[in-house]
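Descriptive structure summary
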Protein chains: 2
Amino acid sequence: MFRHVVLFRWNPDADDAAKAAIAAGLAALPAAIPTIRGYRFGADAGVNEGNWDYAVTADFDDEAGYLVYRDHPAHRQVVVDHIAPAIGDRAAVQFDSRD
Amino acid sequence: MFRHVVLFRWNPDADDAAKAAIAAGLAALPAAIPTIRGYRFGADAGVNEGNWDYAVTADFDDEAGYLVYRDHPAHRQVVVDHIAPAIGDRAAVQFDSRD
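This write-up is about the structure you can find in this document. (Residues numbered from 1 in each chain as written. Chains lettered and ligands numbered in written order. Predicted model: local features only at pLDDT ≥ 70, side-chain atom pairs only at ≥ 80, totals over all residues.)

1. Section: the relation of the copies chain A and chain B
Screw-axis analysis of chain A against chain B gives a translation of 0.0 Å along the axis, an RMSD of 0.0 Å, and a rotation angle of 180°. What the rotation and shift describe, once combined, is the action of a two-fold rotation axis. (Least-squares fit on C-alpha atoms with pLDDT ≥ 70 in both.)

2. What about the sheet that holds strand E1 (residues 2-10) of chain A?
All names here are of chain A. Taking strand neighbours across the sheet as the criterion, the 4 strands line up as E2-E3-E1-E4 in an open arrangement whose pairing is antiparallel. Among the strands making up the open sheet, the edge pair consists of strand E2 (38-43) and strand E4 (87-96). Geometrically, the sheet is characterised by an average inter-axis angle of 10° between neighbouring strands, direction not taken into account. Bridge analysis of E1 against strand E3 (residues 54-60) gives 7 bridges, and the strand direction is antiparallel. Counted as the bridge partner of Arg3 is Asp59 from E3. (Pairing = 2+ DSSP bridges. Helix = DSSP H or I, 4+ residues; strand = E, 2+ residues; numbered from the N terminus. Axes fitted to C-alpha atoms, helices over the stretch in contact; angles between N-to-C directions.)

3. Here we look at the interface of chain A and chain B
Taken together, the contact pairs 23 residues of chain A with 23 residues of chain B. Broken down by secondary-structure element, the contributors of at least two residues to the side of chain A that touches chain B are E1, E2, E3 and E4 of chain A. The element best represented in the side of chain A that touches chain B is E4 of chain A, accounting for 6 residues. Broken down by class, the residue content of the side of chain A that touches chain B amounts to 12 nonpolar, 6 polar and 5 charged. (Contact = placed C-beta atoms within 7 Å. Nonpolar A, V, L, I, M, F, W, Y, C, P; charged D, E, K, R; others polar.)

4. Remarks on the sheet that holds strand E2 (residues 38-43) of chain B
Residue and element names in this part refer to chain B. The strand order across the open sheet formed by 4 strands is E2-E3-E1-E4, and the pairing between neighbours is antiparallel. Only two strands of the sheet have a single neighbouring strand rather than two, namely E2 and strand E4 (87-96). Taking the axes of each pair of neighbouring strands and ignoring which way they run, one obtains an average angle of 10° across the sheet.

Any functional reading would require information that these geometric values do not contain.
Shown next as structure tokens:
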């Protein structure tokens, strides 16, 4: 399995409406992008001090499946319209993981 | 499901032996900590510029299961002995995710 992980910190302009639009946009992606095998995202639960604000994890069979997602127009639209204006920091890793 | 995600950037002193010790230490945790439901970790695949270096994702039934992991002596030992000396930056999020 090839897993994509991205964490965000919001910028001060990211309000509740912006965060709701991000969640709605992300929720539509598994139905739009056939290479997605697993997709989970959400706001930090507030358990630990110093955490970032939001996580998205996406699973694919392989790197090629991830690249379809990364470059898919439906994904790019969510990124450009909703995520990019809201983020202050972004950290991402993609990694291969044996089952 | 309650998912814990952490990303690292290594510091300049983190050599291959240190990274191998981290991977070996993490690999032993699912057998040692019974609340772990899923555990995946690995080095960044090098697909994208600007990525961080390493990811760990751990799944639990709920926040309580995560807290058992967070505070478990086997986990703390890997963190103190191997991870803490190797990291330059750390970003983490825990989030609830409906199936």
